[in-house]
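Breakdown of the fold
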Amino acid sequence: MPQGQNNTGTFKSIAQAARKLYSLGFNVVPVDENKKPIGSWNASERLEWEELAKRLPKASGVAITGSYLEDDNYGVVVLDLDDADAASEVLSKVFGDLWQARLCGQDYSFCGLTGPRPKGRVKCDCKSPGEDCDCVVQDTGEHKKLSELPRGMYIVVRVPRRCLPSGTVRSEAIEIMVSNYEVVYGKHPSGAYYQPVRWEDGRWKPIGIEDVGQGEVITCDELKTIIALVKQSTVSK
């Protein structure tokens, strides 16, 4: 049963997260426990709040789309880091070794941790966001705390509309999402919770969804360089 239907507290937090992200200008997509959208959605236009609110009681999580933003000058690109270490190499080439501070260290940054790795092969027993719960690596039966496992990550950035790509570009390490959506809040299929974070004092600090902003602004040249590096890594494999 979706989280929202059996837990008033969960529904309230999902609704608050959706309202916050909607007020920031994002195109919000409610999703079920398998990350599937509840109802139809479109990356280039968003629902009226009243219609969106009707879908939230069935939701286990909240996603935002790429592309759309209530802003005349900027659109949204979501960097989905499947392999955080390999993605870090790419981001370091574009933004330098302090990429975490640039992209995720501002008051208006929007970054977060996703599911534990190995992807799709870990089950966690988390009861609430922020809990360092017990997880089992299914291949080995090994028990670990969530904090002991590597995790995927998302980074939301704003880019000038004139250079917004027409579609998503992906490699094994990083996906540059424009035409689809990224879940940013709620319960992950692994049993862990998506965790918004900020880079502070050389480490990832958990924050509430109410503390995220619209994301760092990157230039057209920076975006072009990331896309080239991602395409290059795909071709070289």
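You'll find the structure just up there.
Below is a summary of the structure that appears in this document.

Observations regarding helix α4 (residues 84-95)
The terminal C-alpha atoms of α4 lie 15 Å apart, and with twelve residues this matches the ideal 16 Å at 1.5 Å per residue to within 8%. Of all the positions in α4, only Ala 87, Ser 88, Val 90, Leu 91, Val 94 and Phe 95 are classed as buried. For α4, the arc enclosing every buried residue in end-on projection is 165 degrees, short of the 170-degree limit, so these residues lie on one face. In this structure, α4 carries Asp 85, Glu 89 and Lys 93 as exposed residues pointing more than 90 degrees from its buried face. A positive backbone phi angle near 90 degrees is found at Gly 96, which sits one or two residues after α4.

So, the pairing of strand β7 (residues 142-145)
For strand β6 (residues 134-137) and β7, the ladder comprises four bridges, and the chain directions are antiparallel. By the bridge assignment, Asp 134 is partnered in β7 with Lys 145. Hairpin geometry of β6 and β7 is characterised by an intervening segment of four residues between the two adjacent antiparallel strands and by a positive phi of about 75 degrees at Gly 141.

A closer look at unusual backbone geometry
The amide bond that connects Arg 117 to the next residue, Pro 118, takes the cis arrangement and shows omega of 10 degrees. Its identity as a non-glycine residue notwithstanding, Lys 35 has a phi of 70 degrees, on the positive side. Within the secondary structure, Lys 35 sits in the loop between β1 (28-31) and α3 (49-55). Of note in the backbone geometry, Ser 67 takes a positive phi value of approximately 75 degrees without being a glycine. On the secondary structure map, Ser 67 appears in the loop between β2 (61-65) and β3 (74-81). For Ser 67, a relative accessible area of 18% corresponds to the buried category.

Some remarks on the packing of aromatic side chains
Any aromatic ring pair is given by two values, namely how distant the centres are and how the planes are angled relative to each other. In the structure shown here, the tally under the stated rule is six aromatic pairs. Within the aromatic cluster, the residues linked to one another by ring pairs are Phe 26, Phe 110 and Tyr 154.

Details of a negative patch on the surface
A cluster of acidic residues, Asp 83, Asp 85, Glu 89 and Glu 172, forms a negative patch at the surface. Looking at the element boundaries, Glu 172 is found in the loop between β9 (169-170) and β10 (174-177).

A closer look at the state of the cysteines
In total, this model carries four disulfides according to the counting rule given. Linked covalently through their sulfurs, Cys 163 and Cys 220 form a disulfide whose S-S length is 2.2 Å. Taking the sign of the torsion about the S-S bond as the criterion, the disulfide between Cys 163 and Cys 220, at about -85 degrees, is left-handed. Of the two residues, Cys 163 is situated in the loop between β8 (151-160) and β9 and Cys 220 in helix α6 (residues 220-235); the sequence distance between them amounts to 57 residues. Given the relative accessible area of 17%, Cys 220 is considered buried. Along the protein, the cysteines engaged in disulfide bonds are linked according to the scheme 1-2, 3-6, 4-5, 7-8 when indexed in sequence order.

A few points about the environment of Leu 223
Inspection of the secondary structure puts Leu 223 in helix α6. The class of Leu 223 is buried, set by a relative accessible area of 1%.

A word on the pattern of salt bridges
Enumeration according to the criterion identifies 13 salt bridges in this entry. For the salt bridge of Glu 70 with Arg 46, the shortest nitrogen-to-oxygen distance reads 3.9 Å. Taken together, the residues span a long stretch of sequence, with Glu 70 in the loop between β2 and β3 and Arg 46 in the loop between β1 and α3 at a distance of 24 residues. Judged by its relative accessible area of 47%, Glu 70 falls in the partly exposed class. The partner of Arg 170 in a salt bridge is Glu 175, and the shortest N-O contact between them spans 3.0 Å. Exposure remark for Glu 175: the relative accessible area of 15% places this residue in the buried category. Ionic contacts of the salt-bridge type, sharing partners, join the residues Glu 51, Lys 54 and Arg 55 into one network.

Rules of the game
Numbering of residues starts from 1 in each chain and follows the order in which that chain's sequence is written. Owing to the predicted nature of the model, reporting of local features is limited to residues with pLDDT of at least 70; listing and counting of side-chain atom pairs is limited to 80 or more, with chain, interface and lining totals taken over all residues. Side-chain calculation: all heavy atoms of the structure are included, whereas hydrogens and water are not. The helix and strand labels rest on DSSP assignments: H or I over at least four residues marks a helix, E over at least two residues marks a strand, and numbering proceeds from the N terminus. A helix is expected to reach a length of 1.5 Å times the quantity of its residues less one. Each residue is placed in one exposure class: buried if its accessible area under a 1.4 Å probe, protein chains only, is under 20% of its type's maximum, exposed if it is over 50%, and partly exposed if it falls in between. The reported arc concerns the directions from the helix axis to the C-beta atoms and nothing else. Pairing between two strands requires that DSSP report at least two bridges joining them. The criterion for an aromatic pair is that two Phe, Tyr or Trp rings (for Trp, the six-membered ring) have centres within 6.5 Å, with stacked assigned to planes under 30 degrees apart, edge-to-face to planes over 60 apart and tilted to the rest. Without a salt bridge and with relative accessible area above 30%, a residue can belong to a patch; like charges are then joined within 9 Å and nonpolar side chains (Val, Leu, Ile, Met, Phe, Trp, Tyr) within 5 Å. Note on areas: these come from Shrake-Rupley sampling with a 1.4 Å probe, and a residue is covered only by the protein chains present in the view. Any Lys or Arg side-chain nitrogen located within 4 Å of an Asp or Glu carboxyl oxygen qualifies as a salt bridge. Only four residue types enter the charge count, namely Lys and Arg as positive and Asp and Glu as negative; His and the chain termini do not. One atom stands in for each charge, and that atom is NZ of Lys, CZ of Arg, CG of Asp or CD of Glu. Throughout, a disulfide means two cysteine sulfur atoms within 2.5 Å of one another.

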